[in-house]
Amino acid sequence: MSEKYFIKTFGCQMNVYDSHRMSVILENFGYEATDNQKDADLVLFNTCHIREKAAEKVFSDLGRAYLIKQERAAEGKNTIIGVTGCVVQAEDEQIAKRAPYVDFALGPLTYHRLPEILTKIRRKRGETVIDTDFPAEAKFDFLPENRSEGGCSFLAVQEGCNNFCTYCVVPYTRGAEYSRPVKEVVDEAKKLIATGTLELNLLGQNVNSYHGEDENGKERNLAYLLRKLAELDGLKRLRYTTSYPADVDDDLINCHRDLPQLMPYLHLPVQSGSDKILKAMNRRHNRAQYLEVIEKLKKANDKLRFSSDFIVGFPGETDDDFKQTLSLVNEVKYIQAFSFKYSRRPGTPAAVMPNQLEEKVKKERLDELQTLLFDYQTKFNEACVGKTFEVLFEQQGRHKGQLIGRTPYMQNLHAKADTNMLNKIVDVKVEQATTNSLSGKVI
Ligand code: 5AD
Ligand code: SF4
């Protein structure tokens with residue numbers, strides 16, 4: 001019987017992509033997937049360091065994994081515990097200290113070394129192997145071919161970030177920006193399409209700063225890449241995330257006008273509506289510039305709607321600064337959003353700024369912002385009732401005979417549908433809406 005692996009993924013879509021690529025490595029190495037951690041001979045935590053809570057959660061999960069490892073040991077079974085992702089990059093010493101039972105820890109840029117590390121561990125028991133290199137080789141050159149898990153696939157095209165927003169750990173955990181060459185991306189897209197992908201979501205921490213080389217060594221932008229991918233037969237939908245507002249150029253805006261595959265939904269994080277706070281965050285855009293980009297995009301495609309990330313309670317944020325965030329929300333009317341209380345991350349410039357805010361103020365502001373954001377989200381969802389959307393069904397619903405999919409606007413939609421509609425795009429008329437989902441009828 002082959003050995004089993006279990007992966008738990010924390011954090012962003014890039015981590016979901018990395019976990020999928022690691023599962024392909026492990027399966028090529030002879031492991032079989034399991035959803036039950038207790039059955040797993042190899043337990044992997046692919047971790048996130050973006051906010052304190054996410055990082056702390058990893059240590060509590062590791063504690064639990066150790067207990068399971070001991071239970072299994074009593075039954076004569078061996079368990080390898082591994083940690084990957086951004087917590088490793090930022091806290092390798094902490095892992096060795098707080099969780100010495102961890103067998104190996106790999107940073108986000110070195111997980112292609114997984115087979116080598118596993119071989120080492122099987123040879124040398126009891127020693128933690130940690131690899132947090134920013135390696136000279138591109139990990140993508142060493143990964144086995146990717147394949148679809150369903151109709152929607154992520155495809156990493158860019159990694160790392162050179163922006164150094166003052167609150168953010170990403171430039172330290174994922175390193176400097178790197179863009180994969182055009183051909184490599186197109187080849188991976190072809191593999192994914194050939195194995196069932198209809199929708200591709202191009203990933204990068206700062207995806208619209210993409211500048212990969214084409215076959216003649218010429219640097220190409222994200223717009224060029226999108227146009228190339230839109231030519232591929234069988235690819236029905238394209239998305240890209242996450243974009244940095246200051247790097248949205250006219251080429252990219254025109255893609256939203258020209259490419260029918262490009263979905264009418266764009267995640268364009270603003271973080272704050274106050275120029276003073278944006279400056280303190282070291283963002284390369286102010287409020288007016290951000291709104292100008294939104295206007296240009298809407299002009300290129302009037303169906304386009306937006307989502308954003310927000311941070312409340314950044315050091316020095318006054319009531320007036322916060323009100324400007326609320327007023328920006330009222331201007332853009334986001335249809336979805338992610339909002340967070342500022343979390344002090346060791347090693348980032350904002351962590352040592354004066355005028356850190358109290359937890360109570362952060363919480364009040366977050367509640368107020370989320371009430372407003374949910375209000376717009378609910379209104380948009382309600383306005384969809386009666387309309388027909390193309391829905392890509394991605395998974396079985398909670399009830400028998402029900403499937404869950406996504407509309408072009410990334411809304412979750414459930415409907416009564418036959419399982420043969422799974423991983424297909426189907427017309428659905430929306431009948432009901434709540435803040436977080438739609439339901440409808442296949443037509
Ligand atoms: N505190 C709170 N939120 C943060 N984000 C990044 N760093 C922090 C932090 N220190 C948020 C930003 C970013 C999203 C992925 O996470 O809004 O866009
Ligand atoms: Fe972090 Fe800013 Fe880079 Fe986004 S753009 S990953 S928030 S540093």
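Basis of the calculations
Residues numbered from 1 in each chain as written. Chains lettered and ligands numbered in written order. Predicted model: local features only at pLDDT ≥ 70, side-chain atom pairs only at ≥ 80, totals over all residues. Heavy atoms only, no water. Helix = DSSP H or I, 4+ residues; strand = E, 2+ residues; numbered from the N terminus. Rg over C-alpha atoms; globule rule 2.2 N^0.38 Å. Contact = heavy atoms within 4.5 Å. Areas by Shrake-Rupley, 256 points an atom, 1.4 Å probe, with all protein chains shown as cover. Lys, Arg positive; Asp, Glu negative; His and termini not counted. Charge placed at Lys NZ, Arg CZ, Asp CG, Glu CD. Near = heavy atom within 4 Å. Polar contact = N/O pair within 3.5 Å; in protein donor to acceptor, adjacent residues only side chain to side chain. Buried < 20%, exposed > 50% of the residue type's maximum accessible area, 1.4 Å probe, protein only. Disulfide = S-S within 2.5 Å. Nonpolar A, V, L, I, M, F, W, Y, C, P; charged D, E, K, R; others polar. Domains from an automatic or database assignment. Salt bridge = Lys/Arg side-chain N within 4 Å of Asp/Glu carboxyl O.

What follows covers the overall build of the protein chain. Counting its secondary structure elements, the protein chain contains 12 helices and 19 strands. Taking 22 Å as the expected radius of gyration for a compact globule of 443 residues, we find that the protein chain reaches 22 Å, a close match to that expectation. The principal-axis extents of the C-alpha atoms in the protein chain amount to approximately 60 × 55 × 50 Å. A sequence separation of at least 24 residues applies to 74% of the contacts in the protein chain between residues at least 6 apart. Approximately 20,200 Å² of the protein chain is accessible, and the part contributed by carbon and sulfur atoms is 49%. For the protein chain, the separation between the mean place of its 62 positive charges and that of its 63 negative charges on side chains is 3 Å.

Bringing the site of ligand 1 into the picture now. Taken together, the neighbourhood of ligand 1 is formed by I50, R51, Y167, Q271, D309, I311, F340, K341, Y342, S343 and R345. R51 places a side-chain nitrogen or oxygen 2.8 Å from an oxygen atom of ligand 1. In the model, a nitrogen atom of ligand 1 is placed 2.8 Å from a nitrogen or oxygen of the S343 main chain. Coverage of ligand 1 by the protein amounts to 86% of the 400 Å² it exposes when considered alone. Elements represented by at least two residues in the shell around ligand 1 include exactly β13 (305–312) and β14 (336–341).

Time to look at the environment of K379. Residue position: K379 is located in helix α12 (residues 359–383). When its relative accessible area of 47% is taken as the criterion, K379 is described as partly exposed. Along the backbone, K379 and T434 are 55 residues apart, and their C-alpha atoms lie at a distance of 9.0 Å.

Before going further, it helps to spend a moment on the side chain of N146. Note on placement: N146 falls in the loop between β6 (129–131) and β7 (152–156). One polar contact links N146 to E188, side chain to side chain, over a distance of 2.8 Å. Once residues within four sequence positions are removed from consideration, N146 is found in contact with Y17, H20, R21, F154, E188, K191 and L192.

A few words on the state of the cysteines. This model, assessed by the stated rule, comprises 0 disulfides. With no disulfide of its own, C152 lies closest to C12 among cysteine sulfurs, the gap being 17 Å. Assessed through its relative accessible area of 24%, C152 is described here as partly exposed.

This part is about the site of ligand 2. Every residue close to ligand 2 is listed here: C161, N163, F164, C165, Y167, C168, V170, P171, Y244 and R283. For the shell around ligand 2, the residue count by class is 8 nonpolar, 1 polar and 1 charged.

A few words on the domain arrangement of the protein chain. How big an interface is tends to be expressed through the accessible area that disappears when the partners come together. Considered domain by domain, the protein chain is made up of domain 1 (4–131), domain 2 (139–383) and domain 3 (388–442). Taken over C-alpha atoms, the centre of domain 2 sits 25 Å from the centre of domain 3. In this complex, domain 2 contributes 22 residues to the contact, which on the side of domain 3 involves 19 residues. At the boundary of domain 2 with domain 3, the tally comes to 0 salt bridges. Applying the counting rule to domain 2 against domain 3 returns 13 residue pairs in polar contact (both at pLDDT 80 or more). Secondary-structure elements contributing two or more residues to the side of domain 2 that touches domain 3 are β10 (199–203), β11 (237–241) and α12. Here the side of domain 2 that touches domain 3 takes 6 residues from α12, the largest share from any one element. A per-class count over the side of domain 2 that touches domain 3 returns 8 nonpolar, 7 polar and 7 charged.

The full count for this structure, using the stated rule, is 35 salt bridges. Among the salt bridges present, the one from D187 reaches K183, with a minimum N-O distance of 2.6 Å. Placement of both D187 and K183 in helix α6 (residues 182–194) is noted, with a separation of 4 residues, approximately one turn of the helix. Given the relative accessible area of 41%, K183 is considered partly exposed. When salt bridges with common partners are traced through the structure, they connect K8, K57, D61 and R64 into a single cluster.

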